[in-house]
Amino acid sequence: NEWNNKTAEITGFSKEEAFDQPLVSKFIVPKLRQSVQEVMHNALMGRGTSNYELEFRTKSNEIRYLLVNATTRRDPENNIVGVVGVAQDVTEASKHDRAVAAMANELRQLVDFANAPIFGIDVHGNVNEWNDKTAEITGFSKDEALNNPLVDTFIVPSLRLSVLEVLDNALKGTETSNYELEFRTKSNEVRYLLVNATTRRDAENNIVGVVGVAQDVTEAAQHDRAVAAMANELRQLVDTANAPIFGIDVQGNVNEWNNKTAEITGFSKEEAFDQPLVSKFIVPKLRQSVQEVMHNALMGRGTSNYELEFRTKSNEIRYLLVNATTRRDPENNIVGVVGVAQDVTEASKHDRAVAAMANELRQLVDFANAPIFGIDVHGNVNEWNDKTAEITGFSKDEALNNPLVDTFIVPSLRLSVLEVLDNALKGTETS
């Protein structure tokens, strides 16, 4: 019984079309009819309602949102005769609010069901965001996590101070990217998360917390730690090995020098590092050949059992039997040479002493003042010193490999000489 021009304009129904029609069943969308009927009933009972949002269906079947004050209408005798609604068309604002609400709901679903852990804290450091992935990874449900202090409850003790600093910075507006957290799970395991800590702000741009969007890098982190542990173990094995181990970079400068090498040479790791191996530590006569061995290894061609002569700090010589192996980086690029050695100084000195003695004996035989000659097991000459050559007139070259008895002994004595030599070949000597 009341329908002003603005209502007609908004709904598309003229006053004539609207008058005497049932308001609720004709103009209100079905889902709101019961609640609108209740509002009208209350107003007819004398209880008005303020700021009630109605959804009017227009003549063109669109929806208009009206914010209505439903007021009781009375006659001069104060009898209730109806209800009058004074409304505000909030269609555009309502559509915007619904769009924002839909977006917020969509974002909430994205956060909750994201394949990445997302968690957050308020300004007091208490958890106020904990998505399904975070719950899955940590074993703590959202209900168990919410309102608990993030750092004290979920971060391993060794990282609490640094994590607290990251969160404090974010609460001051300074964000952090790719920070590795170690979360302690409900089953007391550790999960490694790579986190971007972002400042959270309200509609007025006030800081209200921090949100962390993470990547679960547990497998990679565990692999990296295993590799680091292995590398550390190998480093200790190299450093404390009972064999000298040394290495050079592609420029030939020392970049590996274990404890045994330091012990043998007398040069500490600090003294040896970055020094040119060949010109600093190798004796001059071997530098060219050692340089060639290192060059070959830098070309990918290793060398086994090569004997080096190292000059020690005290100017002594140490003999090392070395395997020179090409050193490569993870991309298989050649980055140097590593030498694993055996200290053969004592054996080498012994071999040299034996060789010197043999040489001395050879000279004694060759230059002795008495004739010295010898045969092999076949009776052929294999020893013929200078005095024998002088006496017989046969040079060493003429005598060697000829049968002693048939060539140089007079026929009448050959049988007896042959017997003497056969006995000697059986171990029975004759004086």
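What counts, and where the lines are drawn
- Residues numbered from 1 in each chain as written.
- Predicted model: local features only at pLDDT ≥ 70, side-chain atom pairs only at ≥ 80, totals over all residues.
- Heavy atoms only, no water.
- 1 Å grid on protein atoms, 1.4 Å probe; cavity = no way out; pocket = protein on both sides within 12 Å on 5 of 7 lines; lining within 4 Å.
- Points joined across faces, edges and corners; volume = space filled by probe spheres on them.
- Helix = DSSP H or I, 4+ residues; strand = E, 2+ residues; numbered from the N terminus.
- Buried < 20%, exposed > 50% of the residue type's maximum accessible area, 1.4 Å probe, protein only.
- Phe/Tyr/Trp six-rings, centres within 6.5 Å; stacked < 30°, edge-to-face > 60°.

(A) Broad picture of the layout of surface pockets. Size it by volume and the largest pocket reaches roughly 800 Å³. Glu2, Trp3, Leu23, Val83 and Gly85 are, among the 29 residues lining the largest pocket, the residues nearest its centre. At the level of elements, helix H1 (5-11), helix H3 (23-27), helix H4 (33-44), strand S1 (49-57), strand S2 (63-74) and strand S3 (80-89) are the ones that each hand at least two residues to the lining of the largest pocket. Considering each element in turn, the lining of the largest pocket owes the most residues, 8 residues, to S3.

(B) Local environment of the environment of Ser279. By secondary structure assignment, the location of Ser279 is in helix H13 (residues 277-281). For Ser279, a relative accessible area of 43% translates into the label partly exposed.

(C) Main features of the packing of aromatic side chains. Using the criterion set out here, one finds 17 aromatic pairs in the structure. Taking 4.8 Å as the distance between ring centres and 40 degrees as the angle between the ring planes, the aromatic pair formed by Trp3 and Phe27 counts as tilted. One end of the pair, Trp3, is in the segment before H1; the other, Phe27, is in helix H3, with 24 residues separating them in the sequence. With relative accessibility at 6%, the residue Trp3 sits in the buried group. By relative accessible area, which is 1% here, Phe27 ends up buried. Ring geometry for Trp3 and Phe56: centres 6.3 Å apart, planes at 50 degrees, overall tilted. Note that Trp3 is positioned in the segment before H1 and Phe56 in strand S1, a separation of 53 residues in sequence. By relative accessible area, which is 5% here, Phe56 ends up buried. Three or more aromatic residues link up through ring pairs in this structure, and these residues are Phe119, Trp130, Phe140, Phe154 and Phe183.

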